[in-house]
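# Coordinates in review
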Amino acid sequence: MTGPAAQVNMMGYGNFDQVTGGVHFRLRARTFIVAESSQGTRFAFVNLDAGMASQLVTIKLLERLKSRYGNVYSEENVAISGTHTHAGPGGYLQYVTYTVTSLGFVPQSFEAIVTAIELSIVQAHNNLKPGSIFINKGDLENAGINRSPSAYLFNPKEERSKYNTNIDTLMTLLKFVDGDTGNSRGAFSWFATHGTSMSRNNKLISGDNKGAAARFFEDWFNKNSSTNSTKLLGRNKGMFNKASKIKPTGGKTCANTTSQGFKVRKNKELKFVGAFCQSNVGDVSPNVLGAFCIDSGLPCDFNHSSCHGNDQLCVGRGPGYPDEILSTKIIGERQFQKAVDLFTTANQELTGKIDYRHVYINFTNIKVQLTDNKVVKTCPAALGPGFAAGTTDGPGVFGFQQGDTEINPFWKKLRDVLREPSPYQVDCQKPKTVLLDTGEMFWPYPWAPAILPIQIFRLGSLIILSVPGEFTTMAGRRLREAVKETLISSGNGEFDDQTHVVIAGLTNAYSQYIATFEEYEQQRYEVQMHNLISTRVIYVVVLTEHYGLCNASNFKKLEQAASTLYGPHTLSAYIQEFKKLAESMAKGENITKGPSPPDLFSVQLSLLPDPTGDSPPPGINFGDIKQDVFVPKWGTFTKGDRAIATFWSANPRYDLLTEGTFAVVEMLQGKSWLPAYDDDDFCLFFKWEAENITGIARAAANVNSYGYATLEWEVPEEANHGVYRLRHFGSTKETKESSNSYYTGTSSAFTVS
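What comes next is a walk through the structure.

Calculation notes
- Residues numbered from 1 in each chain as written.
- Predicted model: local features only at pLDDT ≥ 70, side-chain atom pairs only at ≥ 80, totals over all residues.
- Heavy atoms only, no water.
- Helix = DSSP H or I, 4+ residues; strand = E, 2+ residues; numbered from the N terminus.
- Buried < 20%, exposed > 50% of the residue type's maximum accessible area, 1.4 Å probe, protein only.
- Contact = heavy atoms within 4.5 Å.
- Areas by Shrake-Rupley, 256 points an atom, 1.4 Å probe, with all protein chains shown as cover.
- Phe/Tyr/Trp six-rings, centres within 6.5 Å; stacked < 30°, edge-to-face > 60°.
- Lys NZ or Arg CZ within 6 Å of the ring centre and 35° of its normal.

Our next topic: the overall build of the protein. Across its full length, the protein holds 15 helices and 35 strands. The buried share of the protein, reckoned over its 753 residues, is 61%. Of the contacts formed within the protein by residues at least 6 apart in sequence, a portion of 79% connects residues at least 24 apart. Carbon and sulfur atoms provide 50% of the accessible area of the protein, an area that totals close to 29,100 Å².

Spelled out as structure tokens, the structure:
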């Protein structure tokens, strides 16, 4: 589900300048399905290498599943959970707030995700067989820190004293075992840490630390379980002379599926699925060294996460600082190593029922009864000034700080051009000042969701809570405890203190952050769309130019509400509604489905232009070498060196090469070249960019830019001695209406010793 690897804005940081420009490693959808029998109760859980789930993705995915399987799968028993990587293509959600920086809806991103989920579920469905499931839990203490510790301290002291840390360090893992062979088929784990090891300046598609952990886990299992794997071996004798005689092939045409044959890992050969799922991640950062001022190197201000009043100078540091790739690898390895430990020692088998509950709720005006019997309400969606400051993982707009409750006159006027909040909204959101009244904005379509799904899965003594947002550490603890207490008190003895409850964050839809009432008062947790305040202005300008609406009076049409879960009692509403689901599950009762969310597919705006026909420079073919591999002066590459080659290349958006690869490292075996690494490997980077051209050259070529792909292979420790070369695959089309043509080309050979 890797999506378009060029020119598409990434989802997560809300940074207009962060557009895809290559692949770090590929994104995947991973699914497990459990069923009581071949025709019995079942549910499907999908772990998605994406920023978050999307309500529109869920809607369209369920339509496809219905056409395949009838009523076997529905919104009630399918959960789609994002890992929260901030390095995946955006444009796949249906509300304006989440498609601002991507210039609206991006059909190619959307289709890649929906198709991957569908095929992942199909594979899991077809592979159903009798088996056992084991559960194990353990603490992982060096893969996350609380990035807003001052807000956490607002929670009651007696509550905080129940916990050793200000984050949840527990990892919960499921181990799936084939009942016929006794072989392990997969493992899914839940652990809370943000997908922000890769920074807001990164432009390579990446699964971030959780995607990396999954890659490491699957490779570890397949390597250790293989009994007859073929190992690529090199011979030192004569390899230098041989390599020096092998020159680049030049660009050559090939079939559209050729790159699939060069994949090192093929789906049909995979023996194991290892997934690292997200949990209550709202205030947990993988940048475990802490946040520091980039000008002075000193720690940031504790309460505001800023430096001298400037939020943009305060940036978190990962364990590999200043190398974000290394940080991603380290945090991924720490999760992977813990999962291996839990996997190899798991011996508690899950037994009991499979069950599920699901309901849609309109969160714009929920009446919530508090413990003192006071009745309060939720509010339409709104964003406060604190959100514009961003977080230490990705600073936001200059002039804002976390904890801000006031808006200066300039930003207030700008806000009112978009939508001046109603008196009700202003009062409801207190103590938050309304910076953007997204819940009362719906032009050209709703800016934020009003109807959200909540869901509970039961797998024996394990309870999975599907939440459409990012719960903070303490918010997640309160929700888990409330659900567990309800299950025990309402059931007939099926639930007890040994019942396990996990939160699956960013699932089925997205509604930003959920903080505790006390944390809400400090106004740090709002939304991770860090630069939206500035980019929304640009977006509105684009829209008005596009539709010829050039005066502020047109924006006064944004009067009807389209809301999400915000306001000081957001968490209380979640807890109240989840307790209703838990009670119905414990008592074996049905629950009313609730109002369905809107399907806004037909009204989506897509302002990102398609790539136009590409051409290489005169006399050049796509796939030709632009810059060949530069061999070190000592004549060979060694472990840790980088072999780099650049090829003339067309825009990778013409074909995503799904289940294929843009980049390959080939090793010479006898007279044959065999793929050793591809763009799904952590050590091989595919980078694409366009070189703008002007004047006579532009007129002669009839193109705006020349594209080129750079392949960088960092020789890993496990690489064998031998002769290697780099290969690039790509696709192009002459016009928008013409069919794709495919090409490939290789570098000259070089040695590793």
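Moving on, there is more to tell.
Turning our attention to unusual backbone geometry. Residue Pro 322 is reached from Tyr 321 by a cis peptide bond, and omega for that bond is 5 degrees. Following the sequence through the fold, Pro 322 ends up in the loop between β15 (314–317) and α7 (324–345). Put simply, Lys 430 and Pro 431 share a cis peptide bond, and its omega is 10 degrees. Along the polypeptide, Pro 431 turns up in the loop between α10 (423–429) and β22 (451–459). Even without glycine at this site, His 84 takes up a positive phi of about 80 degrees. The class of His 84 is buried, set by a relative accessible area of 1%.

Let us look at the packing of aromatic side chains. By the definition in use, this model includes 38 aromatic pairs. Between the aromatic rings of Tyr 98 and Tyr 510, the centroid separation amounts to 5.4 Å while the plane-to-plane angle is 65 degrees, which identifies the pairing as edge-to-face. Taken together, the residues Tyr 98 in the loop between β6 (88–89) and α2 (107–126) and Tyr 510 in the loop between β25 (500–504) and β26 (513–514) connect sequence positions 412 residues apart. A relative accessible area of 2% means that Tyr 98 is categorised as buried. The buried category is assigned to Tyr 510, whose relative accessible area is 3%. Geometrically, the ring pair formed by Trp 220 and Phe 343 is edge-to-face, given 6.2 Å between the ring centres and 90 degrees between the ring planes. With Trp 220 in helix α5 (residues 208–225) and Phe 343 in helix α7, this residue pair connects regions lying 123 residues apart in the sequence. Here Trp 220 falls in the partly exposed class, since its relative accessible area comes to 24%. Feature note: the residues Phe 25, Phe 216, Phe 217, Trp 220, Phe 221, Phe 272, Phe 276, Phe 336, Phe 343 and Phe 682 constitute an aromatic cluster, connected by ring pairs. Positioned above the aromatic ring of Tyr 163 is the side chain of Arg 477, whose terminal nitrogen or guanidinium carbon lies 3.9 Å from the ring centre.

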